[in-house]
Amino acid sequence: MEAPLSLAPQPAPPEDEAPIESLLRVLKPLARSWVSIGFLAGLGAIAGAFYGAIQPNVFQSTGKILVQFGVREQITADTITEARSKGTNRGDMFNEIQILTNPALYEAVAREVGPENMFEPYDPAAKDAPDTPLQTRLFHQFQSWWFTRGSDPTVASEPPSLASAARALTNSTRIGAEPGSTVISVSNVNTNPGIAQNIVQRFLESLLERHQQVFATEPSYNVVAQRKKDAKEASTQAYSALQKFRKENQILDFESQRTTLLNAKQVLDQELATAEHLIADLQARYTVLTQILAAEEPTLEQREESNPLIAPLEEQRSQLERQRSQLLVKYPESSVEVQSIDRELETVRGQLAQARENGSSATPTGTANPEHQRLQGECQQVIVQLTGAKAAQKKRVASAKRIDQDLQALQACEAKLFRLENQYDAAAQAAQDAEHAYEKIRLAHTLDRANLSNLRVIQDATYPIEKAGPNRKKYLLALAALGGVVGVVLAYVRSAVDQTFRSSRDVERVLGLPVVAVVPENRRLRSLGRLEKKRPLLRSTAGRDS
């Protein structure tokens with residue numbers, strides 16, 4: 001029976017069905033193309049399985065070396081005097097790896113292992129035993145056929161070259177530092193576990209030899225020993241030149257000698273100034289005494305003896321004259337002090353003359369004047385003092401001149417003395433550094449001669465039992481996922497370019513017209529339609545048969 005045609009208007013979908021409609025719009029292309037998506041995913045899985053099957057099994061061998069850095073690794077002919085012990089840092093490990101990964105190292109290992117051994121054909125079926133599962137043997141036979149396809153065993157091929165073997169080692173061998181340690185790890189991947197172990201072991205031995213060659217101290221030892229000898233000779237020569245110059249110029253300690261001479265000159269200058277004042281005072285006193293002596297009579301014509309006032313007045317006069325002579329040393333004759341003494345002296349002289357006139361008796365003529373004699377004695381004393389002061393002053397002047405000459409000579413030697421001292425200090429420091437460097441490199445040279453190294457093999461090359469690859473499941477899953485992604489992309493592309501109306505909502509969305517009625521699909525009518533299409537073909541077939 002045909003489905004009734006519904007002419008009732010269809011209600012609009014509620015707002016809460018909008019997210020469901022969007023989800024259906026996203027899932028419908030996937031639902032319509034699920035067969036294609038599954039086919040592409042299966043095809044990718046088959047491709048992944050095939051790609052994994054044609055990959056040979058590889059085995060990884062690993063060895064480890066412990067690096068202990070010291071002064072020995074920092075010693076060279078140029079930097080030995082500047083070498084300082086320091087802790088291991090990241091730069092040391094980087095430099096060590098750069099030294100050990102020299103291309104010549106790969107060639108040496110390839111030569112020892114042998115290129116023909118490295119490129120030995122891979123035959124996974126060679127180790128199959130009777131108890132090996134059938135599926136495994138079939139898989140190995142397929143791999144053997146794949147790896148040997150296109151090769152004629154009867155035709156001898158050229159042996160692999162050393163350069164190609166070195167390139168293969170570069171690609172299959174890893175030399176690197178383990179994080180957070182001073183351990184260098186060496187690993188090699190090969191289809192033959194024995195060859196992988198042999199390669200790693202050769203690498204470990206070659207790394208030790210390479211380290212010994214790079215940090216060999218034999219050339220540096222000879223250079224440093226010669227430098228030590230030259231520095232010592234230069235220091236001895238500089239010391240001899242300095243001592244010779246000091247002996248020629250009588251210099252023991254430049255600073256102390258100069259300080260002593262300057263202090264002596266300062267004291268002598270003060271003594272010269274004091275002596276100049278003393279000589280001036282003595283000369284002034286001598287002048288005053290000579291003036292007084294010239295005014296005094298050498299003999300007494302008469303002497304009063306009866307008047308008792310004469311003797312005290314003469315004594316007072318003598319004291320005043322002495323005071324006057326002393327004041328003239330410090331003050332001029334026009335000063336108040338000298339004039340006051342002169343007035344007193346004049347008064348005393350007047351009193352003395354009056355006393356002599358009043359009842360004094362005269363002494364016999366020719367008697368020596370004691371005042372004259374006293375003044376003469378004082379003049380002689382002043383002359384002796386003045387002569388001694390001048391002689392001492394002359395010696396002081398000579399000493400000052402000699403000190404000036406010594407200072408000038410010392411000053412003239414200063415530049416050359418300091419230059420020789422600096423040369424000796426530099427030579428002595430160089431000799432000390434050379435001695436220190438020699439002691440360091442001597443110890444390292446002793447270690448080298450004993451074939452000792454700061455590299456230690458803490459793990460020999462391991463024999464790999466389990467394979468390191470390939471991960472065939474990863475290939476299968478990756479290519480299957482890639483095929484599925486390609487199928488999903490094609491499904492959405494097909495949905496985007498397909499203009500067929502598949503629902504009433506497609507009509508409303510594309511044409512913008514409301515749907516009045518929806519006729520349900522009748523599968524019986526679809527079957528009758530297909531039968532009507534086949535009837536002409538059946539009639540033509542029946543006609544030919546009749």
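Above this note sits the structure.
Our subject in this report is the structure included herewith. A quick note: this is a predicted structure, and the numbers were derived from the prediction, not measured.

A few words on the packing of aromatic side chains. Taken as a whole, this structure holds five aromatic pairs when the rule is applied. It is Lys 228 that lies over the ring of Tyr 438; its NZ or CZ is 4.2 Å from the centre.

Let's shift gears to the sheet that holds strand 3 (residues 183-190). In spatial order, the strands read 2-3-1-6; together these four strands make up an open sheet with antiparallel pairing. Each of the sheet's edge strands pairs with one partner strand only, and the pair in question is strand 2 (173-177) and strand 6 (455-459). On average, adjacent strands in this sheet sit at an angle of 25 degrees to one another, irrespective of strand direction. Inspection of the sheet shows strand 1 (residues 59-67) paired to strand 3 by eight bridges, in the antiparallel sense. Residue pairing in the sheet places Gly 63 in a bridge with Val 186 of strand 3.

Attention now moves to the nonpolar core. Judged by nonpolar contacts, the single largest core of 25 residues is most densely connected at Leu 169, Ile 199 and Phe 203. Sorting the residues of this core by element identifies strand 1, helix 3 (90-100), helix 4 (103-113), helix 7 (162-172), strand 3 and helix 8 (193-214) as the ones contributing at least two each. Ranked by residues supplied to this core, first place goes to helix 8 with six residues. Each residue touching Leu 169, except ones within four places of it in the same chain, is listed here: Tyr 106, Val 109, Ala 110, Met 118, Asn 188, Ile 199 and Phe 203. Listed in part, the 14 residues of the second largest apolar core include Leu 242, Ile 403, Leu 407 and Leu 410.

Let us look at helix 11 (residues 310-330). Helix length check: helix 11, at 21 residues, gives a terminal C-alpha distance of 31 Å against a target of 30 Å (1.5 Å per residue), a fit within 8%. Among the residues making up helix 11, those that are buried are Ile 310, Leu 313, Arg 317, Ser 318, Leu 320, Glu 321, Arg 324, Ser 325 and Leu 328. One face of helix 11 carries all of its buried residues, which in axial projection span an arc of 165 degrees. Those residues of helix 11 that are exposed and aimed more than 90 degrees away from the buried face are Ala 311, Gln 326 and Lys 330.

Taken together, the side chains of Arg 25, Lys 28, Arg 32 and Arg 494 define a basic patch exposed on the protein surface. For Arg 32, the location among the structural elements is in helix 1 (residues 18-32).

What follows deals with the pairing of strand 2. Note: strand 2 against strand 3, five bridges, orientation antiparallel. Bridge assignment links Ala 177 to a residue of strand 3, and that residue is Ile 184. Counting the residues between successive antiparallel strands, the hairpin from strand 2 to strand 3 contains five residues, one of them, Gly 180, with a positive phi of roughly 70 degrees.

All right, on to unusual backbone geometry then. For Gln 250, which is not glycine, the phi torsion reads 55 degrees and is therefore positive. Looking at the element boundaries, Gln 250 is found in the loop between helix 9 (218-249) and helix 10 (254-295).

What follows covers the pattern of salt bridges. One pass over the structure, following the stated rule, counts 14 salt bridges. A salt bridge links Arg 258 to Glu 255; the nearest nitrogen and oxygen atoms lie 3.0 Å apart. Of this pair, Arg 258 and Glu 255 both sit in helix 10, separated by three residues, roughly a single helical turn. With a shortest N-O distance of 2.9 Å, Arg 442 and Glu 439 are connected by a salt bridge. You can see Arg 442 and its partner Glu 439 sitting in helix 13 (residues 370-449), three residues apart, about one turn around the helix. Residues participating in the shared-partner salt-bridge network are Glu 112, Arg 202 and Glu 205.

What follows concerns helix 7. Within the span of helix 7, buried status applies to Ser 164, Ala 165, Ala 166 and Leu 169. The inward-facing, buried residues of helix 7 abut helix 4, helix 5 (115-118), strand 2, strand 3 and helix 8.

As a packed pair, helix 10 and helix 13 sit with axes 7 Å apart at the nearest point and diverge in direction by 160 degrees. Judged by the inter-axis angle, helix 10 sits roughly antiparallel to helix 13. Crossing of helix 10 over helix 13 shows left-handed handedness. Taken together, the residues that form the contact of helix 10 with helix 13 break down as 26 nonpolar, nine polar and 12 charged.

Looking now at the packing of helix 9 against helix 13. Where helix 9 meets helix 13, the axes come as close as 8 Å, and the angle between the chain directions of the two elements is 155 degrees. As the angle between them shows, helix 9 and helix 13 are arranged roughly antiparallel. Remark: the crossing between helix 9 and helix 13 carries left-handed chirality. The residue inventory of the contact of helix 9 with helix 13, partitioned by class, reads 22 nonpolar, five polar and nine charged.

What counts and what doesn't
- Residues numbered from 1 in each chain as written.
- Predicted model: local features only at pLDDT ≥ 70, side-chain atom pairs only at ≥ 80, totals over all residues.
- Heavy atoms only, no water.
- Phe/Tyr/Trp six-rings, centres within 6.5 Å; stacked < 30°, edge-to-face > 60°.
- Lys NZ or Arg CZ within 6 Å of the ring centre and 35° of its normal.
- Pairing = 2+ DSSP bridges.
- Helix = DSSP H or I, 4+ residues; strand = E, 2+ residues; numbered from the N terminus.
- Axes fitted to C-alpha atoms, helices over the stretch in contact; angles between N-to-C directions.
- Core = buried A, V, L, I, M, F, W, Y, C linked by side-chain atoms within 4.5 Å.
- Buried < 20%, exposed > 50% of the residue type's maximum accessible area, 1.4 Å probe, protein only.
- Contact = heavy atoms within 4.5 Å.
- Expected span 1.5 Å × (residues − 1).
- Arc of directions from axis to C-beta.
- Patch = residues over 30% accessible without salt bridge, like charges linked within 9 Å, V, L, I, M, F, W, Y side chains within 5 Å.
- Areas by Shrake-Rupley, 256 points an atom, 1.4 Å probe, with all protein chains shown as cover.
- Salt bridge = Lys/Arg side-chain N within 4 Å of Asp/Glu carboxyl O.
- Lys, Arg positive; Asp, Glu negative; His and termini not counted.
- Charge placed at Lys NZ, Arg CZ, Asp CG, Glu CD.
- Parallel < 35°, antiparallel > 145°, perpendicular 65-115°, else oblique.
- Left-handed = near helix turned anticlockwise from the far one by under 90°.
- Nonpolar A, V, L, I, M, F, W, Y, C, P; charged D, E, K, R; others polar.

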